[in-house]
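This is what each chain is made of:
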Amino acid sequence: MSGLAGVVLSFPVTWAFYSVVLRIRYMGLLNFIALFVIVGIGVDDIFVFHDAWCQAGRTARSVEERMAVAYGRSLHAMSITSITDSGA
């Protein structure tokens, strides 16, 4: 749920950066379509991390160890998928 919350919270942050920092007032159709790309990046990372979390449950003894193993397993895959999705 926190992963999906992060995806949803990325919309207002992106909108604020777009309109306040860049001072662009026009929001065209392609900008709205880009929201689906943002959701795709976030959901892709959630799937990768969930898989790593499930795999880490087999070997980890505590929640802290499981989190460390899951982050270690998913760090590179999440980075690569985010970079390629953002580039596309």
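Values in this document were obtained by computation on a predicted structure and should not be read as measured data.

### Focus on the overall build of the protein
Check the secondary structure of the protein and you find 3 helices and 0 strands. Listed by position from the N terminus, the elements making up the protein come as α-α-α. Relative to its length of 88 residues, the protein is extended, with a C-alpha radius of gyration of 16 Å against a globular reference of 12 Å. The C-alpha extent of the protein, read off along each of the three principal axes, is 50 × 20 × 20 Å. Considering only contacts within the protein whose residues lie at least 6 apart along the sequence, 53% involve residues at least 24 apart. Element-wise, carbon and sulfur atoms account for 70% of the exposed surface of the protein, whose accessible area totals about 6,700 Å². One finds the centroid of the 6 positive side-chain charges in the protein at a distance of 5 Å from the centroid of its 6 negative side-chain charges.

### Some thoughts on the confidence of the model for the protein
This prediction gives the protein a mean pLDDT of 83; 99% of its residues lie at or above 70. Of all secondary-structure elements in the protein, the lowest mean pLDDT belongs to helix α1 (residues 2-21), at 79, while helix α3 (residues 63-87) reaches the highest, 87.

### Quick notes on the packing of aromatic side chains
Summed over all chains, the structure comprises 3 aromatic pairs. Members of the aromatic cluster, joined through ring pairs, are Phe49, Trp53 and Tyr71.

### What to know about the packing of α1 against helix α2 (residues 29-56)
How two helices pack is summed up by the angle between their axes together with the distance between the axes. One way to put it is that α1 packs onto α2 with a least axis distance of 10 Å and a crossing angle of 145 degrees. For the element pair α1 and α2, the recorded crossing hand is right-handed. On α2, the residues that touch Gly3, Leu4, Val7, Ser10, Phe11, Thr14 and Tyr18 of α1 are Asn31, Leu35, Ile38, Val39, Gly42, Val43 and Ile46. Classifying every residue of the contact of α1 with α2 by side-chain character gives 9 nonpolar, 5 polar and no charged.

Reading guide: rules and limits
Residues numbered from 1 in each chain as written. Predicted model: local features only at pLDDT ≥ 70, side-chain atom pairs only at ≥ 80, totals over all residues. Heavy atoms only, no water. Helix = DSSP H or I, 4+ residues; strand = E, 2+ residues; numbered from the N terminus. Rg over C-alpha atoms; globule rule 2.2 N^0.38 Å. Contact = heavy atoms within 4.5 Å. Areas by Shrake-Rupley, 256 points an atom, 1.4 Å probe, with all protein chains shown as cover. Lys, Arg positive; Asp, Glu negative; His and termini not counted. Charge placed at Lys NZ, Arg CZ, Asp CG, Glu CD. pLDDT = per-residue confidence, 0-100. Phe/Tyr/Trp six-rings, centres within 6.5 Å; stacked < 30°, edge-to-face > 60°. Axes fitted to C-alpha atoms, helices over the stretch in contact; angles between N-to-C directions. Left-handed = near helix turned anticlockwise from the far one by under 90°. Nonpolar A, V, L, I, M, F, W, Y, C, P; charged D, E, K, R; others polar.

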